[in-house]
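# Structural overview for review
Letter by letter, the chains look like this.
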Amino acid sequence: MSARRLDRASAEDLHEVLWLVGEHLAAGAPIPALPHEANERLGREIGTLGRSLGKIAPS
């Protein structure tokens, strides 16, 4: 299966989520909700990644 690149907005969303999770876990603080658009975009990308890894059944 060929690799594909994330678009800029998805890559920035993913970076933000990973940073927030790390920082908030380290501080013992709750992780804030993402804006709806970022949540939708990351959901699509995570689904694509999961299918590529065989972890999510193709839709």
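None of these values were measured; they are calculated from a predicted model. Position numbers for residues count from 1 along each chain, tracking the sequence in the order it is written. Local features in this predicted model are restricted to residues of pLDDT 70 or higher, and side-chain atom pairs are both shown and tallied only at a pLDDT of 80 or more, whereas totals for entire chains, interfaces and linings draw on every residue. Note that the side-chain values use all heavy atoms of the structure and ignore hydrogens as well as water.

### Examining the overall build of the protein
Selection criterion: The helix count covers DSSP runs of H or I at least four residues long, the strand count covers runs of E at least two residues long, and both are numbered beginning at the N terminus. Buried, partly exposed and exposed residues are distinguished by accessible area as a fraction of the type maximum, computed with a 1.4 Å probe on protein chains only: under 20%, between the cut-offs, and over 50%, respectively. By the convention used here, residues are in contact when the closest approach between their heavy atoms is within 4.5 Å. Only the protein chains shown count as covering a residue, and every accessible area follows the Shrake-Rupley method with a 1.4 Å probe.
A count of helical and extended segments in the protein gives two helices and zero strands. Residue burial in the protein is summarised as follows: out of 59 residues, 17% are buried. Considering only residue pairs separated by 6 or more positions, the protein has 50% of its internal contacts joining residues 24 or more positions apart. Surface summary for the protein: the accessible area is close to 4,800 Å², and the carbon and sulfur share equals 59%.

### Some remarks on the packing of helix 1 (residues 8–27) against helix 2 (residues 36–52)
What describes two packed helices is the angle between their axes and the distance between those same axes. Basically, it comes down to this: To obtain an axis, a line is fitted to C-alpha atoms, over the contacting stretch when the element is a helix, and the angle between two such axes runs from 0 to 180 degrees between their N-to-C directions. Put simply, angles under 35 degrees are roughly parallel, angles over 145 are roughly antiparallel, angles from 65 to 115 are roughly perpendicular, and the rest are oblique.
Across the interface, helix 1 lies against helix 2 with an axial gap of 9 Å and an inter-helix angle of 100 degrees. The angle between the axes of helix 1 and helix 2 places the two elements in the roughly perpendicular class. Every residue of helix 2 that contacts helix 1 at Ala9, Ser10, Asp13, Leu14 and Val17 is listed here: Ala38, Arg41, Leu42 and Glu45.

### Comments concerning a nonpolar patch on the surface
Quick reminder of the rule: To count toward a patch, a residue needs a relative accessible area over 30% and no salt bridge; like charges are then connected within 9 Å, while nonpolar side chains (Val, Leu, Ile, Met, Phe, Trp, Tyr) are connected within 5 Å. Whenever Lys or Arg places a side-chain nitrogen within 4 Å of a carboxyl oxygen from Asp or Glu, that contact is recorded as a salt bridge.
A contiguous nonpolar surface patch, about 250 Å² in accessible area, is contributed by Leu6, Leu14 and Leu18. In this structure, Leu18 sits in helix 1.

### Details of helix 1
The condition that has to hold: The span one expects for a helix is its residue count, reduced by one, times 1.5 Å. This arc corresponds to the set of directions leading from the helix axis out to the C-beta atoms.
With 20 residues, helix 1 should cover 28 Å at 1.5 Å per step; its first-to-last C-alpha distance of 28 Å lies within 8% of that length. By the burial criterion, the buried members of helix 1 are Ser10, Asp13, Leu20 and His24. The buried residues of helix 1 occupy an angular sector of 90 degrees when projected down its axis, which confines them to one face. Facing away from the buried side of helix 1 by more than 90 degrees, the exposed set consists of Arg8, His15, Leu18 and Ala26. In this fold, the buried residues of helix 1 make contact with helix 2. Among the residues trailing helix 1, Gly28 stands out with phi positive, at a value near 70 degrees.

Note that every value here comes from positions in space, so none of it alone points to a role or purpose.
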